[in-house]
Amino acid sequence: MTKGLAMRGTWKALAAAALAGVLAVSGCGGGDDGGDASQVEVFSWWTGPGEADGLAAMQAHFEKTNPGTKFVNAAVAGGSGTQAKAVLASRLQNRKPPDSFQGHAGAELLDYIKAGQIEPLDSFYEDNNLKQAYPQQLLEQISHQGKIYSVPVNIHRSNMLWYNPKILEDAGIDGPPKTIAEFITALKAVDDRTDKVPLSLGIQWTADHLLENVLLGDLGTDAYNALWKPGADWSSPAVTKALTDFAEIMKYTTQESASSEWQDAAKAVVDGKAAFNIMGDWVYGYYVNPGPNGLGKKLDTDFKYAAAPGTDGTYMWLSDSFTLPRNAPHRGGALAWLKVAGSKEGQDLFNPKKGSIPARKDADKSLYKGYLEYALNEWTSPDTKLAGSFWHGVYASNKWHTDIDTAVGLFLQNKDVAKLQQGLAAAAKNSAQ
Ligand code: GAL
């Protein structure tokens, strides 16, 4: 697993090397079908509107195909796993793991691997013919020292702008902003010419999410990706400029929303209360899924989407995957769950509801409509550049992630760009230790 991968080409080379290692050791590691299959406790943070629909679809499929195994949903509320990860850490610490837990491909997964908390799944991959089902670059992000450690269910895109076309029209903005400078001009126009909130934001982690988008939009893909490599320069004038823009953009959000989740912030756009929201494409599932969980909204009428300003042509990706914890109490149940999570059927039931595209390469394309058709095309286009989401596990370890969150939390209080930059530079430096 390697930090800071920029382009598909780089990924391919690294993945080939990793795969060679994987093949050399296949046969080792976990993956027999033994163990208690009476139940499976599945741990995630998919409880809220939108997210829960995807999980429910996969759960229903699991229950149908595994009638003898009781499905126990151990999801802990809180977008992006803010609460769940803390609960999980203490369960793992106390050696009371769930049977399978959600972990992001990339640096986040590496934490669990290095701590010896999850088992390799090479035999499981062999038995289920999974290696050829996934893109090699994704296998690389779930492998360490030649072994594969999780089963990805999806690919999400973090750098998405959701907007209310009517409010843009009222503000005299003739389309989604294409650069960060245009974005700031558009936010000002909404502020000056309408009584709407220019940019909806929620709880603190949604500001972290916004930060990764502004860094990518301002710095460009290569410079953004370089930030996550050892020894990267977080003190550069280019980073100062991006953080200054971040501070400016934050002025157009609402302070009173600071206790609301991503769903509330996204809903403000389709309710006609806010012009823009920057959030991952889980928003799409929430917008279009039918009630009571989804909002049952229509693309192009109730909302539109574009790549976040300055990021068109780049997929800031992340992937949810499921693991086999060491000493999972119901190992047989866990393996049965992983089998569903890794299957084409499971992924094609889960992803259209979740607002993501399948991690597998053989999706039934006809199921992915509207935004999801666009997402699949972008993901598979050879011209698309890749960037990893730091907030959603790809580039930053859990510690680095927490340190950045602390720096952002202080910034929300003091609004001091120089201190934010110092905090981020220190977080990067400490991540190397
Ligand atoms: C991400 C996760 C997504 C979605 C989102 C909001 O970290 O990968 O699947 O759940 O958080 O909660």
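Note that this is a predicted model, so its numbers are computed, not measured.

(A) Summary view of the site of the ligand. Around the ligand lies a shell of 13 residues, among which Glu 51, His 104, Asp 320, Lys 354 and His 392 are the nearest. Side-chain polar atom of Trp 46 to an oxygen atom of the ligand: 2.9 Å apart, as the coordinates give it. Contacts to the ligand include Lys 354, whose side-chain N or O atom sits 2.7 Å from an oxygen atom. Residues of the shell around the ligand, tallied by class, amount to 5 nonpolar, 5 polar and 3 charged.

(B) Here's a closer look at the pattern of salt bridges. A complete count under the given rule lists 17 salt bridges for this structure. Two residues, Arg 91 and Glu 41, come together in a salt bridge whose shortest N-O distance is 2.8 Å. Of this pair, Arg 91 sits in helix α3 (residues 84-93) while Glu 41 sits in strand β1 (residues 39-43); the two residues are 50 residues apart in sequence, bridging distant segments of the chain. Note that Asp 362 and Arg 360 form a salt bridge whose closest N and O atoms lie 2.8 Å from each other.

(C) Geometry of the domain arrangement of the protein. Entries for the protein in the domain assignment read domain 1 (3-155 + 320-376) and domain 2 (160-316 + 392-431). Placing the centre of domain 1 and that of domain 2 at their C-alpha centroids yields a distance of 27 Å. Contact residues are listed per partner, giving 35 residues for domain 1 and 34 residues for domain 2. Regarding the contact of domain 1 and domain 2, the summed buried area is about 2,800 Å², with carbon and sulfur atoms giving 50% of it. Where domain 1 packs against domain 2, one counts 0 salt bridges. Applying the counting criterion to the domain 1 and domain 2 interface returns 13 residue pairs in polar contact (both at pLDDT 80 or more). Residue assignment for the side of domain 1 that touches domain 2 shows that the elements contributing at least two residues are α2 (51-65), α4 (107-114), α15 (344-354) and α16 (371-380). When its residues are assigned to classes, the side of domain 1 that touches domain 2 shows 14 nonpolar, 12 polar and 9 charged.

(D) Quick peek at helix α9 (residues 204-219). Across its 16 residues, α9 extends 23 Å between first and last C-alpha, which sits within 8% of the 22 Å expected from 1.5 Å per residue. Among the 16 residues of α9, 14 are classified as buried, and the element is accordingly described as predominantly covered. In the segment just after α9, Gly 220 is the residue with positive phi, at about 90°.

(E) Inspection of the sheet that holds strand β12 (residues 314-318) at higher detail. With respect to topology, 4 strands assemble into an open sheet ordered β14-β7-β12-β15, the strand pairing being mixed. Looking at which strands have only one partner, the edges of the open sheet turn out to be β14 (357-358) and β15 (385-388). Alignment of β12 against β15, held across 4 bridges, turns out to be parallel. Each residue of the ladder has a partner; that of Met 316, found in β15, is Ala 387.

About the cut-offs
Residues numbered from 1 in each chain as written. Predicted model: local features only at pLDDT ≥ 70, side-chain atom pairs only at ≥ 80, totals over all residues. Heavy atoms only, no water. Near = heavy atom within 4 Å. Polar contact = N/O pair within 3.5 Å; in protein donor to acceptor, adjacent residues only side chain to side chain. Nonpolar A, V, L, I, M, F, W, Y, C, P; charged D, E, K, R; others polar. Salt bridge = Lys/Arg side-chain N within 4 Å of Asp/Glu carboxyl O. Helix = DSSP H or I, 4+ residues; strand = E, 2+ residues; numbered from the N terminus. Domains from an automatic or database assignment. Contact = heavy atoms within 4.5 Å. Buried area = accessible area lost by both parts, 1.4 Å probe. Expected span 1.5 Å × (residues − 1). Buried < 20%, exposed > 50% of the residue type's maximum accessible area, 1.4 Å probe, protein only. Pairing = 2+ DSSP bridges.

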